[in-house]
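If you want the building blocks of each chain, they are given just below.
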Amino acid sequence: MRQLISFFIVGVVQFGIDSSIYTLLNYMGAQIIFANLISRAVAACAGYCINGAITFKKPLNGKNLIKFIAYWGAMTALSTVLLYMCSHFVFKSHEVEQIAISKIIVEIFLFFVSFAIAKKWVYSK
């Protein structure tokens, strides 16, 4: 339970970083795919270090870094597809408010998937 709570707190910090950068880039006219890749990459760097050191108490090494990059790539691809679908099929709009709402919904959904993968695979022994 401690790991889930810690992962959640780190996730909130990551979500703040991710959503802020994503919304700012969209406001500045960036495409959804580009904005999502950049914002998730910046937030992922913070999350990898903090979750490794605090949440799972595992040394950061090449093995879990490679697993993290693969995991991050898959989660980012899924996030990007879901955001694209929301903006083109659900909201059918590119208003900043609707893009931000889509980001919140998608990232909350992915939180639970992300925790399971991180715990069982990325930071496993």
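Residues numbered from 1 in each chain as written. Predicted model: local features only at pLDDT ≥ 70, side-chain atom pairs only at ≥ 80, totals over all residues. Heavy atoms only, no water.

**A short note on the environment of Phe-8**
Point 1. Tracing the backbone through its elements, the reader meets Phe-8 in helix α1 (residues 2–27).
Point 2. Sequence separation between Phe-8 and Ile-50 is 42 residues, and the spatial gap between their C-alpha atoms is 12 Å. (Helix = DSSP H or I, 4+ residues; strand = E, 2+ residues; numbered from the N terminus.)

**Side note on the side chain of Thr-76**
Point 1. With respect to the element layout, Thr-76 can be found in helix α3 (residues 62–90).
Point 2. Taking relative accessible area as the criterion, Thr-76 reaches 2% and is therefore assigned buried.
Point 3. Not counting chain neighbours up to four residues away, the residues in contact with Thr-76 comprise Asn-36, Leu-37 and Arg-40. (Buried < 20%, exposed > 50% of the residue type's maximum accessible area, 1.4 Å probe, protein only. Contact = heavy atoms within 4.5 Å.)

**A closer look at the pattern of salt bridges**
Point 1. Counted according to the given criterion, the structure contains three salt bridges.
Point 2. Close ionic contact of Glu-107 with Lys-103 constitutes a salt bridge, the shortest N to O distance being 3.3 Å. With Glu-107 and Lys-103 both in helix α4 (residues 96–122), this residue pair falls four residues apart, about one helical turn. Here Glu-107 matches Lys-103 in class, with each residue buried.
Point 3. Overlapping salt bridges, with partners in common, bring together Asp-18, Arg-40, Lys-103 and Glu-107 in one network. (Salt bridge = Lys/Arg side-chain N within 4 Å of Asp/Glu carboxyl O.)

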